[in-house]
Amino acid sequence: MTPSRKLSVAPMMDWTDRHCRVFHRQITRHTWLYTEMVTTGALVYGDVERHLRYDDVEHPIALQLGGSDPADLAKSAKLGEQWGYDEINLNCGCPSERVQKGAFGACLMNEPQLVADCVKAMRDAVSIDVTVKHRIGIDYEEEYGFVRDFVGTIADAGCKTFIVHARNAVLKGLSPKENREIPPLRYAVAYQLKREFPDLEILINGGIKSDDEIALHLEHVDGVMLGREAYHNPWTMADWDRRFYGDEAGRPRSRVEVLEAMIPYIEEQLRLYGPLGLKLNSITRHMLGLMQGLPGARSFRQTLSDSKKLALGDARLLLEAAARMPAAA
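The rules behind the values
- Residues numbered from 1 in each chain as written.
- Predicted model: local features only at pLDDT ≥ 70, side-chain atom pairs only at ≥ 80, totals over all residues.
- Heavy atoms only, no water.
- Helix = DSSP H or I, 4+ residues; strand = E, 2+ residues; numbered from the N terminus.
- Polar contact = N/O pair within 3.5 Å; in protein donor to acceptor, adjacent residues only side chain to side chain.
- Contact = heavy atoms within 4.5 Å.
- Buried < 20%, exposed > 50% of the residue type's maximum accessible area, 1.4 Å probe, protein only.
- Pairing = 2+ DSSP bridges.
- Expected span 1.5 Å × (residues − 1).
- Right-handed = clockwise from strand over helix to strand, strands pointing away.
- Salt bridge = Lys/Arg side-chain N within 4 Å of Asp/Glu carboxyl O.
- Domains from an automatic or database assignment.
- Buried area = accessible area lost by both parts, 1.4 Å probe.
- Nonpolar A, V, L, I, M, F, W, Y, C, P; charged D, E, K, R; others polar.

Regarding the side chain of Thr303
Next up, step 1: Residue placement: Thr303 occurs in helix α15 (residues 297-304).
Next up, step 2: A polar side-chain atom of Thr303 sits 2.9 Å from the main-chain carbonyl oxygen of Ser299.
Next up, step 3: The residues touching Thr303, leaving out its near neighbours within four places in the chain, are Lys309, Leu317, Glu320, Ala321 and Arg324.

Written as structure tokens, this is what we have:
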């Protein structure tokens with residue numbers, strides 16, 4: 001049985017690496033976690049172990065792939081399954097020019113049959129779920145029929161789960177950051193997709209920040225994916241297991257206990273990969289927002305960002321930072 005995708009944390013380049021995911025897993029046990037996008041070239045020609053290694057605590061975890069060649073995607077999906085990932089996700093939503101030059105990401109929405117061929121190749125190669133993350137339109141095309149036909153074509157290839165970032169992707173003239181902010185959010189498009197394709201699993205993404213917003217969206221779609229809010233304010237996930245998964249034991253007792261739980265992991269990672277160049281701040285940088293909204297949060301961030309302290313490579317710096325909080329004192 002595939003665990004419920006009711007809630008998930010979006011794949012975010014340079015952010016949702018394996019250390020970030022282990023940290024998020026200390027806060028929520030049931031939420032789906034997604035890797036950064038991994039290109040097929042990195043897996044077919046590069047260091048597979050470096051790109052695919054993760055900690056078992058991260059399950060359920062999805063591998064997001066970037067690519068447009070069905071054969072390379074099939075090989076990469078197979079590697080993901082062999083490494084134990086629970087889902088393979090195809091990126092059809094990233095608008096960056098670097099990704100466009102590789103002929104994948106959001107520009108693939110202009111080639112639905114190619115995407116269908118990619119999905120079919122991956123589904124033929126693996127037994128785990130193959131899903132697609134996409135936008136609701138390209139450039140300034142706002143006709144519902146565009147995204148409806150895209151989803152319909154991919155569904156005919158066997159894809160049953162679509163993660164809908166409810167903004168258009170403007171391929172020329174806007175940066176990736178601007179593409180996350182300037183095109184208007186149109187949640188109604190995702191709702192309409194669910195009504196038109198009731199047998200598909202439709203997840204919604206884009207600009208969602210609170211538990212109450214999540215609850216409202218879940219009245220219309222099957223799942224909700226948060227991105228920047230989950231990263232910058234990770235404690236927003238603290239009540240998800242209880243509220244949305246019915247797990248009364250799911251809420252962590254305190255933020256400090258989350259930090260304590262990370263110390264053995266950090267020490268082990270530094271032991272294994274420190275000689276290969278891993279630094280303490282590669283892990284602690286993901287925790288800077290843990291105290292957001294609390295008195296003393298700035299002192300917490302300053303301590304965790306102190307270059308001299310970080311250079312010592314002592315994971316107990318987490319507890320030193322927590323001790324700067326008035327409540328801890």
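Additional details are given in the paragraphs that follow.
Overview of the pairing of strand β6 (residues 129-134)
Next up, step 1: In terms of burial, β6 is a largely internal element, five of the six residues being buried.
Next up, step 2: Across six bridges, strand β5 (residues 87-92) lies against β6 in parallel orientation. Bridged to Glu87 within β6 is Asp129.
Next up, step 3: Two strands pair when backbone bridges link them, and β6 and strand β8 (residues 161-165) are joined in this way by three bridges, in the parallel orientation. When the bridges of β8 are listed, His134 appears paired with Val164.

Section: the environment of Leu218
Next up, step 1: When you line up the elements, Leu218 lands in the loop between α10 (211-217) and β11 (223-226).
Next up, step 2: Leu218 gets classed as partly exposed once you look at its relative accessible area, which sits at 23%.
Next up, step 3: Among all residues touching Leu218, those that are not within four sequence positions of it are Lys6, Gly223, Val224 and Phe244.

Topic: helix α6 (residues 112-125)
Next up, step 1: With 14 residues, α6 should cover 20 Å at 1.5 Å per step; its first-to-last C-alpha distance of 20 Å lies within 8% of that length.
Next up, step 2: Looking only at α6, the buried set comprises Val115, Ala116, Cys118, Val119, Ala121 and Met122.
Next up, step 3: Looking at the buried side of α6, the elements it contacts are β4 (61-66), α4 (70-82), β5, β6 and α7 (144-156).

So, the pairing of strand β10 (residues 201-205)
Note on strand geometry: in a regular strand, side chains alternate between the two faces of the sheet.
Next up, step 1: Taken across its five residues, β10 has four buried, putting it largely inside the fold.
Next up, step 2: Pairing geometry for β8 and β10, over five bridges, is parallel. Following the sheet pairing, His165 is matched in β10 by Asn205.
Next up, step 3: Here β10 pairs with β11 via three bridges, running parallel. When the sheet's bridge partners are listed, Asn205 is paired in β11 with Met225.
Next up, step 4: Between the parallel pair β10 and β11, the chain is carried across by α10, and the sense of this crossover is right-handed.

Some words on the pattern of salt bridges
Next up, step 1: All told, the structure shown has 18 salt bridges when counted by the stated rule.
Next up, step 2: Where Asp17 meets Arg285, a salt bridge forms, and the shortest distance between an N and an O atom there is 3.3 Å. One end of the pair, Asp17, is in the loop between β1 (7-9) and α1 (18-25); the other, Arg285, is in the loop between α14 (281-284) and α15, and 268 residues separate them in sequence.
Next up, step 3: Classification of Arg285 by relative accessible area gives partly exposed; the value is 34%.
Next up, step 4: Note that Glu49 and Arg53 form a salt bridge whose closest N and O atoms lie 2.8 Å from each other.

Observations regarding the domain arrangement of the chain
Next up, step 1: Looking at the chain, the domain boundaries give domain 1 (7-245) and domain 2 (255-324).
Next up, step 2: For domain 1 and domain 2, the distance between their C-alpha centres works out to 29 Å.
Next up, step 3: On the side of domain 2, 16 residues touch domain 1, which itself brings 18 residues to the contact.
Next up, step 4: With both sides pooled, the region where domain 1 packs onto domain 2 buries about 1600 Å², and carbon together with sulfur makes up 57% of that total.
Next up, step 5: Of all residues in domain 1, His19, Phe23 and Trp235 bury the most surface against domain 2, accounting for 41% of the area lost on that side.
Next up, step 6: Linking domain 1 with domain 2 are seven residue pairs in polar contact (both at pLDDT 80 or more), by the criterion used here.
Next up, step 7: The set of elements that each furnish at least two residues to the side of domain 1 that touches domain 2 consists of α1 and α11 (228-232).
Next up, step 8: For the side of domain 1 that touches domain 2, the per-class residue count stands at eight nonpolar, four polar and six charged.

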